[in-house]
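Observations on chain architecture
Read off the chains here:
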Amino acid sequence: MSALEEKLEAMGLRLPDVVPPLAAYQPAVQSGSYVYTAGQLPLVDGKLSVTGKVGAEVTAEEAKELAATCALNALAAVKSVIGDLDRIARVVKVVGFVASATDFTGQPGVINGASELLGVALGDAGVHARSAVGVAVLPLDAPVEVEIQVELKD
């Protein structure tokens, strides 16, 4: 178990198994010293705990917690490619998508769930650039989806 996984466990979190692809893509791919994940939904044991639009059926606070689950799933995808999460030098970029009610404008606060988890787990190496985008609908009617890009140590 990597030091990062031990830290997650100390935070009361468990790194899940990598989520199998829902279509024709890979959960993560490595190119040079970078790993790019596919968009990760907040699936736990293969299921969504809640569906719908943030600001309507889903509260912003619920969605923030779901974004943290997406970040955990993204770390699992990275691990599936590199084997040892301690090889992560830094998180470079996070892109978050929020299925939003038409009047919901709190996308940055929702994606903070992913950003904060990565920051606590990785410290300075978890500080990243980010986009938080509102969209009409996401796969499986998920409220949130997150993808990450990480740089690996030499």
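Rules and cut-offs
Residues numbered from 1 in each chain as written. Predicted model: local features only at pLDDT ≥ 70, side-chain atom pairs only at ≥ 80, totals over all residues. Heavy atoms only, no water. Helix = DSSP H or I, 4+ residues; strand = E, 2+ residues; numbered from the N terminus. Rg over C-alpha atoms; globule rule 2.2 N^0.38 Å. Contact = heavy atoms within 4.5 Å. Areas by Shrake-Rupley, 256 points an atom, 1.4 Å probe, with all protein chains shown as cover. Lys, Arg positive; Asp, Glu negative; His and termini not counted. Charge placed at Lys NZ, Arg CZ, Asp CG, Glu CD. Core = buried A, V, L, I, M, F, W, Y, C linked by side-chain atoms within 4.5 Å. Buried < 20%, exposed > 50% of the residue type's maximum accessible area, 1.4 Å probe, protein only. Pairing = 2+ DSSP bridges. Axes fitted to C-alpha atoms, helices over the stretch in contact; angles between N-to-C directions. 1 Å grid on protein atoms, 1.4 Å probe; cavity = no way out; pocket = protein on both sides within 12 Å on 5 of 7 lines; lining within 4 Å. Points joined across faces, edges and corners; volume = space filled by probe spheres on them. Nonpolar A, V, L, I, M, F, W, Y, C, P; charged D, E, K, R; others polar.

What follows is about the overall build of the chain. Across its full length, the chain holds three helices and seven strands. Listed by position from the N terminus, the elements making up the chain come as α-β-β-β-β-α-β-α-β-β. The C-alpha radius of gyration computed for the chain amounts to 14 Å, which stays within 12% of the reference 15 Å derived for 154 residues, consistent with globular compactness. At a minimum sequence separation of 6, the contacts of the chain that also span at least 24 residues come to 81%. Entry remark: accessible area of the chain is about 7400 Å², with carbon and sulfur atoms responsible for 52%. The positive charge centre, built from 11 side chains, and the negative charge centre, built from 19, are 3 Å apart in the chain.

The nonpolar side chains of soluble globular proteins are, as a tendency, buried together. In this structure, Leu75, Ile88, Leu118 and Ile148 are the most contacted members of the largest nonpolar core, which totals 40 residues. Elements with a minimum of two residues in this core: α1 (3-10), α2 (60-82), β5 (88-99), α3 (107-122) and β7 (144-152). Broken down by element, the residue count for this core peaks at 13 residues, all from α2. Excluding residues that lie within four positions of it along the chain, isoleucine 148 makes contacts with Val35, Tyr36, Thr37, Ala74, Leu75, Val78, Lys93, Val94 and Leu118. Counting six residues, the second largest nonpolar core, distinct from the first, contains Leu43, Ala99, Leu138 and Ala142.

As summarised here, the arrangement of the five strands in space is β1-β2-β7-β5-β6, forming an open sheet in which the pairing is mixed. Of all strands in the sheet, those with a lone pairing partner are β1 (28-31) and β6 (129-135), marking the two edges. Between one strand axis and the next, the sheet turns by 15 degrees as a mean value, whatever way the strands run. In the sheet, strand β2 (residues 34-37) pairs with β7 via three bridges, with the strands oriented antiparallel. Counted as the bridge partner of tyrosine 36 is glutamine 149 from β7. Helix-sheet contacts for α2 involve β1, β2, β5 and β7, and the interaxial angle to β7 is about 40 degrees. The strands touched by α3 within the sheet are β5, β6 and β7, with β5 carrying the most contacts at an inclination of about 160 degrees.

There is about 300 Å³ of room inside the largest pocket. Around the largest pocket sit 15 residues that line it, and Pro16, Leu43, Val44, Asp45 and Asn73 are the ones nearest its centre. Sorting the residues of the lining of the largest pocket by element identifies β3 (43-44) and α2 as the ones contributing at least two each. Tallied by class, the residues present in the lining of the largest pocket amount to nine nonpolar, three polar and three charged.

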